[in-house]
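For reference, the chains in residue letters:
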Amino acid sequence: SGFSKHPELQHLLFFTFCLIYAVTIIGNLLIFMVTVHPSLRMPMYFFLRVLSILDISTASIVVPKMLVNFLSEDRSISYMGCATQLYSVIFLGATEWYLLAAMAYDRYMAICNPLRYAIIMNSRVCVSLVLLSCCSGNVVSVVQTAWVFSLPFCGPRNINYFFCDIPPLIMLSCTSLYEKQIITATALVIFTPFCLILVSYACIISSTLKISSAEGRHKTFSTCSSHLVVVILYCGSGTLIYLRPKASYSQDAKKFLPLTHTAITPMLNPLIYSLRNKDVKEVLIR
């Protein structure tokens, strides 16, 4: 059903999200092209290229269909189309979450083991971490998609949302038991990488506090600030969407909140990394 309760906003929403989608694609493509530059061959920029691909893919899975629905009377989606969209959204979201954990580990190695960093974080290790993130995301997505579509659906066929996601599909099921199970599984998915990120940053902070000069501490913290901002955005939006009590849902909030996860955050990521990274800005200007 999308945002059908606000017919007066359909055209405004169309142009707004069309602009957001264009900025997302252009921004992430620029980040991808900039980080290919020979002066940016560090593992951090390799992970950043992968993150850009994931952001483009996430936005492309959700936003184009949403834009069509703003201007179309027929907002239907096939059963297999819905399952495919759900699998893709979960796969890309979980993969990005695990990739952020891998990026936190990379920052830990760069700051806490600087002399061995180039040896430990070689190209083989970086590719292995990306593949591990993708495999983990695939396992999570297959399990949760199969779980959701095994539910005994007995309600209407109207998905009160703008794409196929876990919360609105659970609302169509006949029992609330599955909602608790899915929320528990989602909490575990979010909790595991978040713990890895917390451990990495605890070690980073501990190591940084031992640096005697204030300039050295500031430089160390600045190299992690962009990644930390993205983690906070991603974790905050995911928690609000999937781990809120059902009673706290409002019709508008449960639709607009996922937009931060699927449209706004992919747009902000390239801005965060380009505006807060001196090397990226220099190459971009050149």
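Conventions we followed
- Residues numbered from 1 in each chain as written.
- Predicted model: local features only at pLDDT ≥ 70, side-chain atom pairs only at ≥ 80, totals over all residues.
- Heavy atoms only, no water.
- Helix = DSSP H or I, 4+ residues; strand = E, 2+ residues; numbered from the N terminus.
- Buried < 20%, exposed > 50% of the residue type's maximum accessible area, 1.4 Å probe, protein only.
- Contact = heavy atoms within 4.5 Å.
- Areas by Shrake-Rupley, 256 points an atom, 1.4 Å probe, with all protein chains shown as cover.
- Disulfide = S-S within 2.5 Å.
- Expected span 1.5 Å × (residues − 1).
- Axes fitted to C-alpha atoms, helices over the stretch in contact; angles between N-to-C directions.
- Parallel < 35°, antiparallel > 145°, perpendicular 65-115°, else oblique.
- Left-handed = near helix turned anticlockwise from the far one by under 90°.
- Nonpolar A, V, L, I, M, F, W, Y, C, P; charged D, E, K, R; others polar.
- UniProt positions renumbered as here; feature names shortened; annotations may be inferred.
- Polar contact = N/O pair within 3.5 Å; in protein donor to acceptor, adjacent residues only side chain to side chain.

Novice: Describe the overall build of the protein, and please don't skip the residues or the numbers.
Specialist: Along its length, the protein carries 10 helices and zero strands. When its helices and strands are written in sequence order, the protein yields α-α-α-α-α-α-α-α-α-α. In the protein, buried positions account for 46% of the 286 residues. Sequence-distant contacts in the protein: of pairs separated by 6 or more residues, those separated by 24 or more amount to 77%. Total accessible area computed for the protein in this model is approximately 14,300 Å², and 70% of it derives from carbon and sulfur atoms.

Novice: Residues and numbers for the environment of Cys224, please.
Specialist: Its location among the elements puts Cys224 in helix α8 (residues 214-242). Classification of Cys224 as buried rests on a relative accessible area of 4%. For the pair Cys224 and Arg107, spaced 117 residues apart in sequence, the C-alpha separation works out to 6.9 Å. With residues near it in sequence (within four places) discarded, Cys224 still touches Arg107, Ile111, Tyr201 and Ile204.

Novice: Account for the state of the cysteines, naming residues and giving values.
Specialist: For the structure on display, the rule yields one disulfide. No disulfide involves Cys134; its sulfur sits 6.9 Å from that of Cys135, the nearest cysteine. Classification of Cys134 as partly exposed rests on a relative accessible area of 27%.

Novice: So what's going on with helix α3 (residues 79-112)? Which residues, and what values?
Specialist: Taking 1.5 Å of rise per residue, the 34 residues of α3 would be expected to cover 50 Å, and the 49 Å separating its terminal C-alpha atoms lies within 8% of that figure. Taking burial as the measure, the 34 residues of α3 include 25 buried ones, the bulk of the element.

Novice: Break down the packing of helix α2 (residues 43-71) against α3 for me, citing the residues and quoting the values.
Specialist: For the pair α2 and α3, the least separation of the axes is 10 Å and the interaxial angle reads 160°. Between α2 and α3, the crossing angle belongs to the class labelled roughly antiparallel. Along this stretch, α2 crosses α3, giving a crossing that reads as left-handed. Every residue of α3 that contacts α2 at Pro43, Met44, Phe47, Val50, Leu51, Leu54, Asp55, Ser57, Thr58, Ile61, Val62 and Lys65 is listed here: Gln85, Ser88, Val89, Leu92, Thr95, Glu96, Leu99, Ala102, Met103, Asp106 and Arg107. Across the contact of α2 with α3, the residue classes tally to 13 nonpolar, five polar and five charged.

Novice: Quick rundown of the UniProt feature "transmembrane region" (unreviewed entry) in the protein? Include the residues and the values.
Specialist: Here the UniProt-annotated "transmembrane region" (unreviewed entry) positions come out as residues 12-34, 46-66, 86-105, 125-147, 185-207 and 227-245. In this annotation, residues 12-34 is assigned 100% helix and 0% strand; the end-to-end C-alpha distance for the span is 33 Å. In residues 86-105, the share of helix is 100% and the share of strand is 0%. The end C-alpha atoms are 29 Å apart.

Novice: Quick one: what's the story with helix α1 (residues 10-34), residue by residue and with numbers?
Specialist: For α1, which comprises 25 residues, the first-to-last C-alpha distance of 36 Å matches the rise-based estimate of 36 Å (1.5 Å per residue) to within 8%. For α1, every residue scored as buried is listed here: Gln10, Leu13, Phe14, Phe17, Ile20, Thr24, Ile25, Gly27, Asn28, Ile31 and Val34.

Novice: Can you explain the side chain of Asn269? Please cite residues and give values.
Specialist: Within the element layout of this structure, Asn269 appears in helix α9 (residues 253-275). There is a polar contact of 3.5 Å between the side chain of Asn269 and the side chain of Glu96. Setting aside anything within four residues of it in sequence, one finds Asn269 in contact with Leu51, Asp55, Glu96 and Val230.

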